[in-house]
Amino acid sequence: MPRPCWARPWCDGGRQGLTLPAVSHYRLFPKALGRLVAALGVQELHLALTQGFWRTRTWGQPPLQAPAGAELWVWFQPTVMDVDKAWKELSNILSGIFCASLNFIDSTNTVTPTASFKPLGLANGTDHHLLRYAVLPREVVCTENLTPWKKLLPCGSKAGLAVLLKAERLFHSSYHSQAVHIRPICRDASCLAVSWELRQTLTVVFDTFSSGQGKKDWSLFKMFSRTLTDACPLASQSKVYVDISPKNKEKELLEVTPTPASVYEAIVQGDKRTYAVYDLLSPSLFNTSRSLNVQLKWKRPQDSSELPTPVLHAQRYVSGYGLQTGEISTLIYNTHPYRAFPVILLETVPWYLRLYVHTLTIITKGKENKPSYIHYQPAQDRRRPHLLEMLIQLPANSITKITIQFERALLKWTEYTPDPNHGFYVSSSVLSALVPSVIAMKDVDVEQSPLFTSLFPSSDGSSYFVRLYTEPLLVNLPTPDFSMPYNVICLTCTVVAVCYGSFYNLLTRTFHVEEPTRGGLAKRLANIIRKFRGVPPL
Amino acid sequence: TESTSPDSNAFVFCVSVVEGLALLDLGVSPYSGAIFHETPLIIYLFHFLIEYAEFVFMITDVLTAVALYLAIQDFNKVVFKKQKFLIELDKYAPDVAELIQTPMEMHYIPLKVALFYLLNPYTVMSCVAKSTCAINNTVIAFFILATIKGSAFLSAVFLALATYQSLYPLTLFAPALLYLLQREFIPIKLKSKSFWLYTMQYTALYLCSLVVIICLSFFLLNSWDFIPSVYGFILSVPDLTPNIGLFWYFFAEMFEHFSLFFICVFQINVFFYTIPLAIKLKEHPVFFMFVQIAVISIFKSYPTVGDIALYMAFLPVWSHLYRFLRNIFILSCVLVVCSLLFPVLWHLWIYAGSANSNFYYAITLAFNIGQILLISDYFYAFLRREYYLTHGLHLTRQDGTEAMLVLK
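No experiment lies behind these values; they were computed from the predicted model shown.

Asker: I tried to follow the packing of aromatic side chains on my own but got confused; where do I start?
Answerer: Any aromatic ring pair is given by two values, namely how distant the centres are and how the planes are angled relative to each other. Here the structure, examined in full by the defined rule, presents 62 aromatic pairs over all chains. Taking the centre distance of 6.0 Å and the plane angle of 10° together, the rings of Tyr-500 of chain A and Phe-272 of chain B count as stacked. Taken together, the positions of Tyr-500 of chain A in helix H8 (residues 485–508) and Phe-272 of chain B in the loop between helix H13 (259–271) and helix H14 (274–280) put the pair across two chains. Its relative accessible area of 36% is what places Phe-272 of chain B among the partly exposed residues. Looking at Arg-57 of chain A, its charged tip hangs above the ring of Tyr-333 of chain A, at a distance of 5.4 Å from the centre. A cation over an aromatic ring shows up here: Arg-326 of chain B above the ring of Tyr-380 of chain B, its NZ or CZ 3.7 Å from the ring centre.

Spelled out as structure tokens, the structure:
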């Protein structure tokens, strides 16, 4: 529950906002990011680089989803005068730090959402003009992005859990997402002081079924070709959690080795989960062997693993034929049996797909569903993209279909990418919702809960915050012929010159009766030849 | 949602008006986006009439036809009077009886003009697509009617409306002024005081109405946003949606460095024929108006078939020039074939994917050349007839043999 401003000593009546501490300890916090945050007046920074798409219906609810490509959203402090300038500098500096092409973030793909992306850390008042959000859906993530990410860790990849993170195994995966989150948090429960929190997350989906000879057993060695040997000396906490939640209330379905020292039960994302905990800092862990290789074996062959359908999931596709028009459709599923809840949908569409907002229709169960809040900012050619934010109420057990038509623009030949017929990417739309939890969650002690559950602040136990991303779209645009610039310029100028020439002749010359001339040299020569031939002269 | 072909052009689609109204409903200025580029008066008009849009466009077409009918009827009377006057003054050569226009042949011209406009397939297409070009045509037709009737005030008001809608009718100021001066029997001499007085009056009327209309638009939506969105859009050509004009592909393939230069060149190209035409055609301001409207329709930044329909409606007025037209058959074939090929090649490029943009561009080039040569052919025929009227139809050389007439 956020405490009111006057109760917090670092908040001075809301006029100047949070007085965030300057970053001065670089023992654990990387200096590159610390200096960046201080110099540009950043309040919160979230950067995610993702390869692949999280398949919610087969893999379940993601712990922390990110859209394909690069996503960057930043809250600036109210003291920043020119937010756009700071944003440009920030994206360029981050581009250098993470070796990603974040320098392509400019006004044509940056938006200022008004309802989504509220601050995840401490914030005093939310003037959405201090927020910037950009996605680069075309960005490819590879080893050279992982290396600087690992370098930000206090122990690097030399000790602790990060020794597992070797690129050649991590990128042999169906989904790879690495993220950096910086936000201000309370230093302890009494919230007398504020600290900066840097959170680095790495989400990888290994397909062990296809690589493990048809068995779903896995082990750390099989996945990472390495095992854990010790904890990072600088770490105060170093734990491995293995989800051993029993399905269908059956025990003994799976077996984890070595036997975990403790088991932790929690309600995560509305689901009761049981985790086996391996604490690398406890001395008893490495008693029997020098290294820790967690293994999981399934006792019985799994039959079409039925993960519970997530309460909220969505998909998006583009339809239509030809290169002139098209339609973007988003389907949002609410599978909760009896609870309805609202969802905020944020869509960012590039300017060259001209959305027609009068064709926006939202249909639920055959009837029109009017959103309670719409914020639409139309695009300006070559300057900013479309921004559509809506608060839609999803009835229980329903499918909501949102459609909007667009028209494809013809761009200048220099504005196409080198492979224009590949198409242009439309970044994922973002769905943010407080999903009602099927099981009531009691107030958890923030100190004790695992770190992966504490990114999104929860206000009460009956619902949990979910941010989902839909598929990115690939749309073809009509192309001019790229080999023809000179030809086109010459031909069009010829047509204009034909007009100019005809009009010039008609305007500056007058009619005269033609007087017979003696004829030039050519005519006389021709007459001589004609006389020889016996033909009448010209 | 009516568009299947670009002939009626994204700029003037009724769809953009619907979009503008939807944006207003959402509380966003319609000019904050890149779809709506109509003037605030249009959005005000359609705010009330959007349900009857089809009727509105049909009525505007009928009004245009009626205005043209009345205008040409009056014009014929003026032409006949002038002709009679010149015959009495013996300004014409003796053997030009067959070139003189008789009332019999002039009787059906206004009806032909109205029908040429209404039955033109371009007009029908423009009406079906609900292109706001029809409204432009109506305003210009009323302007022509007011000018020919001699009312300087109404002429200035309609011209200001037409300029406010789409910048280019500004060039019609010169022919209107010349016609009104002629009608008031004021000689067009630079030293004449009455000439300057009348010019100043007309200019003042025109500028005042323009200022009033623009201020009215400001008060409708409480912002000056519409100026860069409407006029900036017309002048800087940011939208490269294919249409029947020359601009779109040219600027799609232009090197960035020269983009501004060529935009300026193309825009000046529309305006700079006015002064030379005014000097050459000062005795014939209505023909000047026809040529000027044609030049605007060909070289404006987002031409549509509706603009072509307007100047083609005037062709029956010059039907007496038929004998002097040199290439009319081939030009009409070019225009007809290109009009038929436009939708075919558009479909092949955008939907079938078996052609590319060059095919459509080639037809654009051929169509515009056809139009340009048509206009210059009519101009040539007009000038030639004038020469014959004053110098006689059967010209002989000094030695008595039949003469050839050349343009030197």
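Asker: Even after reading the chapter, I still don't get the domain arrangement of chain A, so can you show me in this structure?
Answerer: Interface size, as often reported, equals the accessible area lost upon joining of the parts. All names here are of chain A. When its domains are assigned, chain A resolves into domain 1 (26–206), domain 2 (216–300) and domain 3 (312–440 + 457–475). The gap between the C-alpha centroids of domain 1 and domain 3 is 23 Å. At the junction of the two partners, domain 1 supplies 28 residues and domain 3 supplies 36 residues. Counting the surface lost from both domain 1 and domain 3, the interface buries some 2,500 Å², and carbon and sulfur atoms represent 59% of this. At the boundary of domain 1 and domain 3, one finds one salt bridge. The closest approach of N and O atoms between Arg-138 and Asp-419, which form a salt bridge, is 2.8 Å. Between the two partners, domain 1 and domain 3, sit 10 residue pairs in polar contact (both at pLDDT 80 or more). Only helix H2 (56–59), strand S2 (69–76), strand S3 (110–111) and strand S4 (131–136) provide two or more residues apiece to the side of domain 1 that touches domain 3. The residue makeup of the side of domain 1 that touches domain 3, split by class, is 14 nonpolar, 10 polar and four charged.

Asker: Explain the nonpolar core here, please?
Answerer: In a soluble, globular protein the nonpolar side chains are often hidden away together inside. Judged by nonpolar contacts, the single largest core of 195 residues is most densely connected at Leu-312 and Phe-503 of chain A together with Tyr-202, Phe-251, Phe-290 and Trp-318 of chain B. With 17 residues, the top contributor of residues to this core is helix H18 (residues 357–391) of chain B. With residues up to four places along the chain from it excluded, the contact list for Phe-503 of chain A reads Tyr-273, Leu-277, Val-291, Val-295, Ile-375 and Phe-379 of chain B.

Asker: Teacher, can you tell me more about the UniProt feature "transmembrane region" (unreviewed entry) in chain B here?
Answerer: All names here are of chain B. The feature "transmembrane region" (unreviewed entry), as given by UniProt, occupies residues 41–72, 139–160, 166–182, 203–224, 230–251, 258–279, 324–346 and 358–380 in the numbering adopted here. Overall, residues 230–251 shows 55% helix and 0% strand. The separation of its end C-alpha atoms is 19 Å. Helix makes up 86% of residues 258–279 and strand 0%, whereas the separation of the span's terminal C-alpha atoms amounts to 33 Å.

Asker: How do you make sense of the layout of surface pockets when you look at a structure like this?
Answerer: Where empty space is left can be seen by rolling a probe of water-molecule size over the atoms. All names here are of chain B. What the second largest pocket holds in volume is close to 1,500 Å³. Lining the second largest pocket are 47 residues, and of these Lys-82, Leu-86, Gln-182, Glu-283 and His-284 sit closest to its centre. Of all the elements in the fold, those that place two or more residues in the lining of the second largest pocket are helix H3 (53–88), helix H9 (173–183), H14, helix H15 (285–299) and H18. Among the elements that take part in the lining of the second largest pocket, H3 stands out by supplying 11 residues, more than any other. Partitioned by chemical class, the residues of the lining of the second largest pocket number 26 nonpolar, eight polar and 13 charged.

Asker: Explain the packing of H9 of chain B against helix H10 (residues 193–221) of chain B to me, please; I cannot follow it from the model alone.
Answerer: Think of two packed helices as two axes; the pair is described by the angle between the axes and how far apart they sit. Residue and element names in this part refer to chain B. For the pair H9 and H10, the least separation of the axes is 11 Å and the interaxial angle reads 135°. By the angle class used here, H9 and H10 are oblique. Judged by the twist between their axes, the crossing of H9 over H10 is right-handed. Across the interface between the two elements, Phe-173, Ala-176, Leu-177, Leu-180 and Leu-181 from H9 touch Phe-195, Tyr-198, Thr-199, Tyr-202, Thr-203 and Tyr-206 from H10.

Asker: How do you make sense of the sheet that holds strand S9 (residues 254–257) of chain A when you look at a structure like this?
Answerer: Whenever strands of a sheet pair, they do so through backbone hydrogen bonds, lying parallel or antiparallel. All names here are of chain A. Strand order in the open sheet made by the three strands is S7-S12-S9, with antiparallel pairing throughout. Of all strands in the sheet, those with a lone pairing partner are strand S7 (218–219) and S9, marking the two edges. As paired strands, S9 and strand S12 (residues 295–298) are joined by four bridges and run antiparallel to one another. Within the sheet, the bridge partner assigned to Leu-254 lies in S12 and is Trp-298.

Asker: I'm lost on the state of the cysteines in this one. Help?
Answerer: Two cysteines, two sulfur atoms, one covalent bond between them: this is a disulfide. Residue and element names in this part refer to chain A. Using the criterion set out here, one finds two disulfides over all chains in the structure. Put simply, Cys-155 and Cys-232 are joined by a disulfide, and their sulfur atoms are 1.7 Å apart. When the S-S torsion is 75°, as for the bridge of Cys-155 with Cys-232, the disulfide is right-handed. Placement of Cys-155 in the loop between helix H4 (143–151) and helix H5 (167–170) and of Cys-232 in the loop between helix H7 (220–224) and strand S8 (239–243) is noted, with a sequence separation of 77 residues between them. When sorted by exposure, Cys-155 lands in the same class as Cys-232, which is buried. Cys-186 shares a disulfide with Cys-191; S-S distance 1.8 Å. Measuring handedness by torsion sign, the sulfur bridge of Cys-186 and Cys-191 sits at about -50° and is left-handed. When its relative accessible area of 25% is taken as the criterion, Cys-186 is described as partly exposed. Cysteine Cys-142 shares no disulfide, and the gap to the nearest cysteine sulfur, in Cys-99, comes to 8.9 Å.

Asker: Help me understand the sheet that holds strand S18 (residues 373–377) of chain A in this model?
Answerer: All names here are of chain A. The antiparallel open sheet is built from five strands, whose spatial order is S18-S19-S15-S22-S23. For this open sheet the edge positions go to S18 and strand S23 (463–469), each flanked by a neighbour on one side alone. Taken pair by pair, the neighbouring strands of this sheet meet at an average axis angle of 15°, ignoring direction. The sheet contact formed by strand S15 (residues 341–349) and strand S22 (residues 430–436) spans four bridges and is antiparallel. Paired with Ile-344 across the strands is Ser-432, a residue of S22.

Asker: Help me understand the pattern of salt bridges in this model?
Answerer: Any two side chains of opposite charge can pair, on the condition that their charged atoms come close. Residues and elements named next belong to chain A. As enumerated under the stated definition, the model contains 18 salt bridges over all chains in all. As a salt-bridge pair, Glu-265 and Lys-272 come within 3.1 Å of each other at their nearest N and O atoms. Among the ionic pairs, Arg-382 bridges to Glu-415, the shortest N-O distance being 2.5 Å. Taken as a pair, Arg-382 in the loop between S18 and strand S19 (386–394) and Glu-415 in the loop between strand S20 (398–408) and strand S21 (424–426) lie far apart in primary sequence, 33 residues in all. A residue is classified by how much of its surface remains accessible, and Arg-382, at 23% relative accessible area, is partly exposed. Glu-415 gets classed as partly exposed once you look at its relative accessible area, which sits at 28%. One salt-bridge network, in which partners are shared between bridges, spans Arg-183, Glu-197 and Arg-199.

Asker: So what exactly am I meant to see when it comes to the interface of chain A and chain B here?
Answerer: Counting from both sides, the interface comprises 55 residues of chain A and, opposite them, 72 residues of chain B. Note on chain A versus chain B: buried area summed over both sides is about 5,900 Å², and carbon and sulfur give 69% of it. Of all residues in chain A, Phe-503, Leu-506 and Phe-511 of chain A give up the largest surface area on contact with chain B, accounting jointly for 14% of the area buried on that side. Our enumeration of links across chain A and chain B arrives at two salt bridges. When the shortest N-O distance is used, the salt bridge between Asp-239 of chain B and Arg-354 of chain A registers 3.3 Å. The element that contributes the greatest number of residues to the side of chain A that touches chain B is H8 of chain A, accounting for 17 residues. Class assignment for the residues of the side of chain A that touches chain B results in 33 nonpolar, 12 polar and 10 charged.

Asker: Just to check I follow, could you spell out helix H2 (residues 40–49) of chain B for this structure?
Answerer: All names here are of chain B. Listed as buried for H2 are Pro-40, Ile-42, Ile-43 and Phe-46. What you see down the axis of H2 is that its buried residues fit within an arc of 150°, all on one side. For H2, the elements touching its buried residues are helix H1 (14–25), H3, helix H7 (133–149), helix H8 (152–165), H10 and helix H11 (226–236).

Asker: It is not clear to me how the side chain of Glu-389 of chain A should be interpreted in this structure. Could you clarify?
Answerer: Residue and element names in this part refer to chain A. Its place among the elements puts Glu-389 in strand S19. In this structure, Glu-389 is buried with no salt-bridge partner, the nearest side chain bearing the opposite charge being Lys-118 at 7.4 Å. For Glu-389, the side chain forms a polar contact with the main-chain nitrogen of Ala-115, separated by 2.8 Å. Polar side-chain contacts of Glu-389 include one of 2.9 Å to the backbone nitrogen of Ser-116. With residues up to four places along the chain from it excluded, the contact list for Glu-389 reads Pro-113, Thr-114, Ala-115, Ser-116, Ile-344, Leu-345, Leu-346, Tyr-373, Ile-374 and His-375.

Conventions adopted
- Residues numbered from 1 in each chain as written.
- Chains lettered and ligands numbered in written order.
- Predicted model: local features only at pLDDT ≥ 70, side-chain atom pairs only at ≥ 80, totals over all residues.
- Heavy atoms only, no water.
- Phe/Tyr/Trp six-rings, centres within 6.5 Å; stacked < 30°, edge-to-face > 60°.
- Helix = DSSP H or I, 4+ residues; strand = E, 2+ residues; numbered from the N terminus.
- Buried < 20%, exposed > 50% of the residue type's maximum accessible area, 1.4 Å probe, protein only.
- Lys NZ or Arg CZ within 6 Å of the ring centre and 35° of its normal.
- Domains from an automatic or database assignment.
- Contact = heavy atoms within 4.5 Å.
- Buried area = accessible area lost by both parts, 1.4 Å probe.
- Salt bridge = Lys/Arg side-chain N within 4 Å of Asp/Glu carboxyl O.
- Polar contact = N/O pair within 3.5 Å; in protein donor to acceptor, adjacent residues only side chain to side chain.
- Nonpolar A, V, L, I, M, F, W, Y, C, P; charged D, E, K, R; others polar.
- Core = buried A, V, L, I, M, F, W, Y, C linked by side-chain atoms within 4.5 Å.
- UniProt positions renumbered as here; feature names shortened; annotations may be inferred.
- 1 Å grid on protein atoms, 1.4 Å probe; cavity = no way out; pocket = protein on both sides within 12 Å on 5 of 7 lines; lining within 4 Å.
- Points joined across faces, edges and corners; volume = space filled by probe spheres on them.
- Axes fitted to C-alpha atoms, helices over the stretch in contact; angles between N-to-C directions.
- Parallel < 35°, antiparallel > 145°, perpendicular 65-115°, else oblique.
- Left-handed = near helix turned anticlockwise from the far one by under 90°.
- Pairing = 2+ DSSP bridges.
- Disulfide = S-S within 2.5 Å.
- Arc of directions from axis to C-beta.
- Lys, Arg positive; Asp, Glu negative; His and termini not counted.

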